[in-house]
Amino acid sequence: MNPGEPKDFPLGRWNLYLGGAGRRVPGYVNLDLFAVPGVDIAADAERLPFPDAIFQRVECDAVLEHVRDPVQVMCEIRRVLAPGGYVHLVTPFCHPFHEYPKDYRRFTLDGLKELAGPLETVAEGWRTGPTATVLVFTLEYVKLLLPFRGWRMIAHGVLGWLLFPFRYLDLFLLRSPQAGRIGNHCYLWVRKNP
Ligand SMILES: C[S@@+](CC[C@H](N)C(=O)[O-])C[C@H]1O[C@@H](n2cnc3c(N)ncnc32)[C@H](O)[C@@H]1O
């Protein structure tokens, strides 16, 4: 299946970015649980404060693992999505525990498709692969050995910077059909048929 680029799924007049706290997301209405800089609307993605079929594109990147009820969130996404509109879903598979503000679950590509329900899958794959998995767990493991928060912060910065170039190995590894066995984040582009 075509891996799909964001340019293949054009923005419309109204587009929704879920969970963009602390970020500016030009072209999108930025909704998050918390009213912090960059957020346009503070609300729970389980109850989106928008009319039906208003958004051409919905971006939901690393959010579904943090919501209590992902089925309800997908129902809401489908409701606010315009016919012919696209949703980009990105979720962790092999990834350390991280609370924003909670961390409830992990996803496989099959699980994500099941959750997308009647939306048509137009592209799928791994955004970050096996090397990203090994590196993030290595970093977390080293931090576990350090007793002081300051040391952990330094290790995060220094080791993160030193290890970063290894991520390019994923350009090669992601060609393998086996890469998803220990993939880091998977993605789907799904479409609401007119
Ligand atoms: C891991 S961050 C995603 C960051 C961003 N998408 C990015 O890729 O940089 C998860 C975000 O989802 C938000 N979030 C968690 N539960 C939510 C909910 N029920 N409704 C709306 N936003 C939520 C968190 O506040 C946080 O900003």
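For the structure, see preceding data.
Residues numbered from 1 in each chain as written. Predicted model: local features only at pLDDT ≥ 70, side-chain atom pairs only at ≥ 80, totals over all residues. Heavy atoms only, no water.

Just to check I follow, could you spell out the packing of aromatic side chains for this structure?
For any pair of aromatic rings, the description consists of the separation of the ring centres together with the inter-plane angle of the planes. For the structure shown, the criterion picks out seven aromatic pairs. Ring geometry for Tyr-17 versus Tyr-28: centroids 5.7 Å apart, planes at 85°, classification edge-to-face. On the criterion of sequence distance, the pair formed by Tyr-17 in strand 1 (residues 15-18) and Tyr-28 in the loop between strand 1 and strand 2 (29-32) is long-range, its members being 11 residues apart. Each ring, one from Phe-148 and one from Trp-151, has its centre 4.9 Å from the other, and the planes form 85°; the classification is edge-to-face. Judged by relative accessible area, Phe-148 falls into the partly exposed class, the value being 46%. Here a set of aromatic residues connected by ring pairs shows up, and it is made of Phe-9, Tyr-86 and Trp-189. (Phe/Tyr/Trp six-rings, centres within 6.5 Å; stacked < 30°, edge-to-face > 60°. Helix = DSSP H or I, 4+ residues; strand = E, 2+ residues; numbered from the N terminus. Buried < 20%, exposed > 50% of the residue type's maximum accessible area, 1.4 Å probe, protein only.)

Just checking my understanding: could you explain the environment of Val-67 for this structure?
Its location among the elements puts Val-67 in the loop between strand 4 (55-61) and helix 1 (70-80). The class of Val-67 is buried, set by a relative accessible area of 9%. Measuring from C-alpha to C-alpha, the distance between Val-67 and Arg-127 comes to 21 Å, with 60 residues separating the pair along the chain. Leaving out residues up to four positions away in the same chain, Val-67 has contacts with Glu-46, Val-73, Tyr-104 and Arg-105. (Contact = heavy atoms within 4.5 Å.)

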